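Architecture and fold: a report
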Amino acid sequence: MKFTKPAWVMHKDSSKTDHDTKRLSIFSVHVHPDGSRIATGGLDAKIRIWSTKPILNHASEISNRPPKSLCTLSMHTGPVLTIRWAHSGRWLASGSDDEIVMIWDLDPSGRGKVFGSNEVNVEGWKPMKRLPGHESDVTDLAWAPEDRYLASVGLDSVVLVWCGYTLERLRKLDQHQGFVKGVCWDPVGEFMATQSDDKSVKIWRTTDWQLEAEIRKPFEDSPGSTFFRRLSWSPDGAHITASNATNNKGFVFIAAVITRGTWTSEISLVGHENTVEVAAYNPHIFLRNPASPIATSNICSVVALGADDRSVSIWQTKSARPLIVAREVFERQIMDLSWSWDGLTLYAASSDGTIAVFHFDPEELEGIAPHSAQEQYLHKFGFVPPPTPEGFSHGTFTHSANTASASRITPPPSPNRAQSQPQSQSGFGASNGINGAEHINKLVAKKSNKKRVQPVLMSSVPSASTSRSALVSTSALPPPVSGLGPRAFQVPEIPRSRQASHSASPVPSPRTYDADIEMGGPMDMDVPIDALDTSMSSANKGKRKASVLDTPEDRPSKPRTLGGDRPRETVAVREITSTSLVSTRPQLFEGANLLPVPPLLTFLSANVEGSDFVFEARNSEGDGATEVTFADGKQTLWLDYLPSPVLALTASTTFCGAAMQDGSVNVYSHTGRRLMATLSFGSPCVMMHGCKLALMILTASGQLSSINVKNVASFFPPTSVAPLLSSSPNCTILSATVRHNGAPMIHCSSGIAYTYDVQLLSWTKLSERWWAEGSDVWQGRQRANKDKDIVASIEGAIGSTSIPAPHKERPTWWNTALTLGHLESKLHAAKALDSGLEYKQALLIYARKLADEGFRAKAEELIKELFGPIFWRPGGRDDSWTPVVAGMAKRDLLREVLSVFARSKTLTKLALDWQDTLKKASNDDQL
């Protein structure tokens, strides 16, 4: 076995110089099916594609041929948590902290310098389709066998299943009660497995997407602190190895092996000293006795485990001991593992920003069988997948034995249509028509009006363009597979449950692809992909398949809406100074307006986050009507007319709000219905903001209201912001926003951010510039995701307006005092804003600081606060203590705090005593 850690595979902090390069965490790694490249996803919100030859071959690394870095993809706006190549090798799927799943396709013209950096893309990959649908971080992805489906899971506790061909969403599975952090597919195609922080593995049937089984026993005491719970299905279909399992009441960390059919876990892989984060099976089956025939009793598998103890272990299921244990391979926990398709190379990625590579000789992995043996064995299950969409068929592929070798895997031909046709040399499914002309199959769509629609030729259809019709041309075939040996790509289907509804609505349209592609003239890729045959004939170069569209008269008519027949108009934005439109509201006394009223503009707009919807207002400069519209792209969906000019707009994912000059506010649904009576505040709105179901309005008189739109109720009585402005001279409000729980966030020019505490009926500070004077954990000027890291984004906003203070002599305990005070303030802020992840992060940093300083009294008080009354019961006499904070169980948080204390030199005894108490309390609760 050869072990290497290529130092040049890294995700850099762009804010650092080349001499002070900081590695950022790598959350995912995956090997292309032909083994020529790997993709990594990291904290820098980028996907990077690397050649594998320089990793495995020292001479290639020195000569830089092929280039080490092939491509950098930067369309995500948050850390990339998972990346997975399709089995065909043509598509790459990625999931991110920005809640989006992205599908990437090869871009022939995408080479060149990366915008905003010195990096150069040797090859190009373009975002082919965004798959929105998750409401929180996307933590794992998996392609089904033959790319029939794509599954995505996330911290919104939801599993989404997408058609692997049309990329339309097929199913939303929401039966998990906690963050879903892992997903895998049965190689037979019959089941899908998901693993969640609700301490369960769920098995789903692919025939009807119902729950087949739920496994809880090995995970009852598993910690909820792992970044992922990545599980893997063995290539023989017999077992699932699930991560983050425990034995002995949570004190022994294991990987649980779940048996197919009985769905029980009687086998444990024991040995890691901390939580197992990821499991990954070698894609080959192994024979116990290579001389014996393929049978259940003669088959075993190889699985790799990566854990938070920074070690990797590799197990063969015929042995009770691991084949290899590589200890302290990384400086931090292991996030992802990926085997190459030939089964001889294992790639591991860590949050310390490095990857490790284990390369085996075939003799070291005894009994490795070819993939044809696996396909032969899987036939015994007798599972027949649902039929494919009408007009498509899965090709039957044959492979000549003399072309296959250990060093080269021959790609199978492209998938065939139902009508057989010759394959083009390009390998993209282009057929050779008469005299080299393009040949198009005619396909009749099933539509409710029973019309037969003829295809229309389109010129210059871009790669992966979307057809809005239910018709498909031959160009809609997926590209051929890469070097996958006997594994053949099959066109994913739409299951029967979806086909049954054709009479009600047409099937979502498949995507279309280029028939032939020029890769910058001749296809001269530095690292060729096996799925792309470079022997294109010159006669076929540049020709593209046509897609098919409905003729205009056959397109279904749009539903009728108020103003929906009008195209969206653009209006120049100007300030209205006409005296007739200036507010004539009587002033009760001089300076009645506490805050300045914003200028009246001819045009205002507010975008709905995560969609193309936009809410707009148009104020007339003369005697015309004031109008609000809700549009999608270039088309108006609905409109309304208002009696007073509009001063401010807001749009959330559930409602829209328009504030008028006369102090009134209208709240609409996305279909244009008024969700509540018109609100009247008696003073013009200065600032307005919406977040999910919460609406915040701040008027010129200084009155702030926070309203729950769903319940049509106020989160708290209207309150004045006057106390905030009187805290310092010339203080102004820079921004005012609201959280989903109704908590307002007011950022003042004094460098302080406030919120209103409903329990205390008082304004409280979220953060302030003061902490920058000496806190070791102040993160001013750091870019943060406003949705996920709201406290960090507040500190960033405060830090961006602060002026560095001159250096002063400080007292001895200055930094320690400000650091602890800052962390305690941050805990209260995260709790007030219901930011659970930030609360947990601040709590663990606070615990480490207490442990480092040895402050026993503070530590013990924190423990008691999280533990609560020893004999506490829900509904008991003592209701002053609640078991949950920021959406997380306090005693679960306490387990992690005690783990921090147990590793310190001064608080070990205290931690051990309380761990025993917590264990007894947990046992009593179970009784």
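Residues numbered from 1 in each chain as written. Predicted model: local features only at pLDDT ≥ 70, side-chain atom pairs only at ≥ 80, totals over all residues. Heavy atoms only, no water.

Some points on helix H9 (residues 856–867)
Relative to the 16 Å expected for 12 residues at 1.5 Å per residue, H9 spans 16 Å between its end C-alpha atoms, a close match to the ideal helical length. Along H9, the residues classified as buried are Ala859, Leu862, Ile863, Leu866 and Phe867. End-on view of H9: buried residues confined to an arc of 125 degrees, all on one side of the axis. The exposed residues of H9 that point more than 90 degrees off its buried face are Ala857 and Glu861. Within two residues after H9, Gly868 carries a phi angle of roughly 80 degrees, on the positive side. (Helix = DSSP H or I, 4+ residues; strand = E, 2+ residues; numbered from the N terminus. Expected span 1.5 Å × (residues − 1). Buried < 20%, exposed > 50% of the residue type's maximum accessible area, 1.4 Å probe, protein only. Arc of directions from axis to C-beta.)

Things to note about the sheet that holds strand E29 (residues 302–307)
Hydrogen bonding along the main chain pairs the strands of a sheet, whether they run parallel or antiparallel. On the basis of which strands lie adjacent, the open sheet formed by 4 strands has the order E26-E29-E30-E31 and antiparallel pairing. The outermost strands of the open sheet, each flanked by one partner alone, are strand E26 (276–281) and strand E31 (324–326). Neighbour-to-neighbour, the strand axes of the sheet open up by a mean angle of 15 degrees, direction not taken into account. (Pairing = 2+ DSSP bridges. Axes fitted to C-alpha atoms, helices over the stretch in contact; angles between N-to-C directions.)

Points about the packing of helix H7 (residues 814–832) against helix H8 (residues 836–853)
Close contact between H7 and H8 brings their axes to 9 Å; oriented N to C, the two are set at 155 degrees. Judged by the angle between their axes, H7 and H8 are roughly antiparallel. The handedness of the crossing between H7 and H8 comes out as left-handed. Residues Thr816, Thr819, Leu820, Leu823, Glu824, Lys826, Leu827, Ala830 and Lys831 of H7 touch H8, and the partners they reach there are Glu838, Tyr839, Ala842, Leu843, Ile845, Tyr846, Lys849, Leu850 and Glu853. Residues that form the contact of H7 with H8 fall into these classes: 10 nonpolar, 2 polar and 6 charged. (Parallel < 35°, antiparallel > 145°, perpendicular 65-115°, else oblique. Left-handed = near helix turned anticlockwise from the far one by under 90°. Contact = heavy atoms within 4.5 Å. Nonpolar A, V, L, I, M, F, W, Y, C, P; charged D, E, K, R; others polar.)

Considering the packing of H9 against helix H10 (residues 890–902)
The interhelical angle for the contact between H9 and H10, taken along N-to-C directions, is 155 degrees, at an axis separation of 8 Å. What the angle tells us is that H9 and H10 run roughly antiparallel. Of the two elements, H9 crosses H10, and the hand of that crossing is left-handed. Contact residues: H9 offers Ala859, Leu862, Ile863, Glu865, Leu866 and Phe867, while H10 offers Lys890, Arg891, Leu894, Val897, Leu898 and Phe901. Class assignment of the residues belonging to the contact of H9 with H10 gives a composition of 9 nonpolar, no polar and 3 charged.

Considerations on H10
Between its terminal C-alpha atoms H10 stretches 18 Å, which fits the 18 Å expected from 13 residues at 1.5 Å a residue. Inspection of H10 places Lys890, Arg891, Leu893, Leu894, Glu896, Val897, Leu898, Val900 and Phe901 among the buried residues, and these make up the whole buried set.

What to know about unusual backbone geometry
The linkage connecting Arg65 with the following residue, Pro66, adopts the cis geometry, with an omega of -5 degrees. Relative to the assigned elements, Pro66 resides in the loop between helix H2 (58–63) and strand E7 (69–73). The backbone phi angle of Glu99 is positive, close to 75 degrees, even though this residue is not glycine. Counting through the fold element by element, Glu99 comes out in the loop between strand E9 (91–96) and strand E10 (101–107). The backbone of Glu146 sits at a positive phi, close to 60 degrees, despite the residue not being glycine. Tracing the backbone shows Glu146 in the loop between strand E14 (138–143) and strand E15 (149–154).

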